[in-house]
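Working through the structure, step by step
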Amino acid sequence: MILSKRILPIFLLRLLALGATVSATVLMVTSHDSALVFNIKFEAKYTNSPTFKYFILINAIASGYTLILLFLSCKSSFGHLILALDLIVTLLLESSISACIAIGQVGKKGNSHAGWLPICGQVPKFCDHVTGAMIAGFAAALAYFLILVYSLHNLISLFTLNT
Amino acid sequence: MALGGGETLEAGGDRAARVMSSSSSKVDLVMVLLRVLALLATVSAALIMGFNKQTRTIVVATIGTTTVQATLTAKFQHTPAFVFFVIANGIASLHNLLMLVVSFIGPPKLFERIAPSAIPVFDLMNVAIVSGGASAAAFMGQLGRDGNSHARWNKICDKIDSFCDRGGGAMIASFIGLVLIIIICSLSIIRLRRYNTI
């Protein structure tokens with residue numbers, strides 16, 4: 001099962017990952033909503049939570065890295081370095097989306113045992129933006145995992161070992 | 001890429017089984033040691049968080065001479081992030097155990113052909129799973145410890161301190177396991193180079 005065109009699938013996947021990471025970053029940065037509860041202005045921004053800041057940081061780094069690699073994908077002299085960097089970026093993307101989903105779940109459903117009320121009812125626009133950013137982040141993590149397996153296959157021709 | 005002098009051309013699966021079950025090379029020994037340590041780390045993380053429970057009775061008010069008490073229970077099942085943490089570390093420890101067994105007795109006859117290429121892919125998936133579980137629990141723990149003033153969420157770690165301490169210990173174990181698993185994955189990929197016959 002040798003893939004005849006080895007560069008094209010990775011290029012398409014990197015394009016998809018670039019789109020996903022950029023849209024995740026943009027959606028999270030532009031998420032902003034405010035509500036008036038008992039004459040107290042209740043503002044929700046991404047800076048309120050360190051998890052969302054971490055998410056934006058990781059996705060910004062990933063989108064910059066993907067952009068650079070899109071132009072470098074013809075040369076294969078740095079194959080091993082690219083594989084190692086791909087592993088690190090996949091790891092970070094996966095951890096950022098996982099943390100965001102955990103915190104987002106608390107925001108949406110609250111936690112009755114800890115006495116935390118859900119906030120999505122008061123700031124629905126913020127919640128929608130964050131949900132969209134998380135979907136994009138999840139797509140980015142998935143795309144990067146596929147890129148990682150493909151890079152490994154390109155380097156070491158996974159499916160034709162020991163023949 | 002020659003694998004060693006004097007080796008005849010045998011069936012690929014046979015050679016794979018022989019190479020994989022021989023522990024004479026240094027890399028194999030290091031891999032086994034790392035897998036044992038990673039197994040210990042993930043199992044301890046899953047167990048510590050799995051048995052994490054604390055009950056505390058606090059006096060809320062005093063009416064006349066009788067005290068009104070409230071019982072505060074903290075279990076790991078209350079938070080989906082910690083449930084995912086336990087499940088992720090459980091899956092990772094199962095994977096580590098399986099890979100340990102495979103590195104001693106070789107892959108089962110059915111999978112001999114695809115084993116050398118499937119193991120690094122499974123190691124990659126292991127990295128992703130453990131990193132997801134560890135970071136979700138870490139951020140949830142940070143939320144519990146510091147609260148979030150913007151969302152009017154109070155911190156809860158001052159009331160259930162030993163729950164938080166044990167949770168923190170489980171997270172540290174999981175992060176140590178994560179570092180070990182990353183090293184294992186890199187070694188596993190490097191080890192692939194000696195199988196490459198193209």
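Residues numbered from 1 in each chain as written. Chains lettered and ligands numbered in written order. Predicted model: local features only at pLDDT ≥ 70, side-chain atom pairs only at ≥ 80, totals over all residues. Heavy atoms only, no water.

Our working definition: UniProt positions are given in the numbering used here, feature names are shortened, and annotations may be inferred rather than shown by experiment.
Looking at an unreviewed UniProt entry, chain A carries the name CASP-like protein, with the source organism given as Erythranthe guttata. UniProt lists a comment for chain A under the heading Subunit (unreviewed entry), and it reads "Homodimer and heterodimers."

1. Details of the UniProt feature "transmembrane region" (unreviewed entry) in chain A
All names here are of chain A. Convention followed: Labels follow the DSSP assignment, with helices taken as runs of H or I lasting at least four residues and strands as runs of E lasting at least two, numbered in each case from the N terminus.
Taken from the UniProt record, the annotation "transmembrane region" (unreviewed entry) applies to residues 54-74, 81-104 and 133-152. As annotated, residues 81-104 has a helix share of 100% and a strand share of 0%, and its two end C-alpha atoms lie 34 Å apart. In residues 133-152, the share of helix is 100% and the share of strand is 0%. The end C-alpha atoms are 28 Å apart.

2. Some thoughts on the environment of A:Ala136
Stated precisely, the cut-off is as follows: We call two residues in contact when some of their heavy atoms are within 4.5 Å.
Here A:Ala136 shows up in helix α4 (residues 124-156). If near-sequence neighbours (up to four positions away) are discounted, A:Ala136 is found in contact with A:Ala20, A:Ser23 and A:Ala24.

3. Topic: the side chain of B:Thr79
The residue B:Thr79 is located in the loop between β2 (66-75) and α3 (80-105) in this model. When sequence neighbours within four positions are dropped, the list of residues in contact with B:Thr79 reads A:Asn111 and B:Met140.

4. Details of the pairing of strand β2 (residues 40-45) of chain A
All names here are of chain A. Defined as follows: Strands pair, by our definition, only if DSSP identifies at least two bridges between them.
Sheet topology note: the strand β1 (residues 32-37)/β2 ladder contains six bridges and is antiparallel. Looking at β2, one finds that alanine 35 is bridged to phenylalanine 42. From the end of β1 to the start of β2, which pair antiparallel, there are two residues, and phenylalanine 38 there has a positive phi angle of about 50 degrees.

5. Details of the interface of chain A and chain B
Convention followed: Here the buried area means the combined drop in accessible surface, using a 1.4 Å probe, for two parts upon being joined, counting both sides. Whenever Lys or Arg places a side-chain nitrogen within 4 Å of a carboxyl oxygen from Asp or Glu, that contact is recorded as a salt bridge. We call two N or O atoms a polar contact when they sit within 3.5 Å, provided that within protein one can donate a hydrogen and the other can accept it, with sequence-adjacent residues counted only if both atoms are side-chain atoms.
With 38 residues of chain A at the interface, the matching set in chain B holds 44 residues. Summing both partners gives a buried area of about 3,500 Å² for chain A against chain B, and 70% of it is carried by carbon and sulfur. Remark: the boundary between chain A and chain B carries zero salt bridges. Connecting chain A to chain B are seven residue pairs in polar contact (both at pLDDT 80 or more). When contributions to the side of chain A that touches chain B are tallied by element, the ones reaching two or more residues are β2, α2 (50-72), α3 (79-109) and α4 of chain A. For the side of chain A that touches chain B, the element with the most residues is α3(A), which contributes 13 residues.

6. Looking at the pairing of strand β1 (residues 53-63) of chain B
Residues and elements named next belong to chain B. Two elements, β1 and β2, share ten bridges in a ladder whose sense is antiparallel. Within the sheet, the bridge partner assigned to threonine 57 lies in β2 and is threonine 71. The antiparallel hairpin formed by β1 and β2 contains two residues in its connecting segment, where glycine 64 sits at a positive phi of about 65 degrees.

7. Focus: a nonpolar patch on the surface
Defined as follows: For patch detection, residues must exceed 30% relative accessible area and be free of salt bridges, and they are connected within 9 Å for like charges or within 5 Å for nonpolar side chains (Val, Leu, Ile, Met, Phe, Trp, Tyr). Only the protein chains shown count as covering a residue, and every accessible area follows the Shrake-Rupley method with a 1.4 Å probe.
Together, A:Ile7, A:Leu8, A:Phe11, A:Leu12 and A:Leu15 line one region of the surface with nonpolar side chains, adding up to about 430 Å² of accessible area. Following the sequence through the fold, A:Leu12 ends up in helix α1 (residues 7-29).

8. Observations concerning the pattern of salt bridges
Residue and element names in this part refer to chain B. Heads up, the rule is: Exposure is judged per residue with a 1.4 Å probe applied to protein chains only, and the accessible area is read against the type maximum: over 50% gives exposed, under 20% gives buried, and values in between give partly exposed.
In the structure shown here, the tally under the stated rule is six salt bridges over all chains. A salt bridge links aspartate 28 to arginine 191; the nearest nitrogen and oxygen atoms lie 2.3 Å apart. Residue aspartate 28 is found in helix α2 (residues 26-50), and its partner arginine 191 is found in helix α5 (residues 161-191); the two are separated by 163 residues along the sequence. Each of the two residues, aspartate 28 as well as arginine 191, counts as buried. Measuring nitrogen to oxygen at the nearest pair gives 3.2 Å for the salt bridge that ties aspartate 123 to arginine 35. In this pair, aspartate 123 sits in helix α4 (residues 115-146) while arginine 35 sits in helix α2, placing the two residues 88 residues apart along the sequence. In this pair, the class of aspartate 123 matches that of arginine 35, namely buried.

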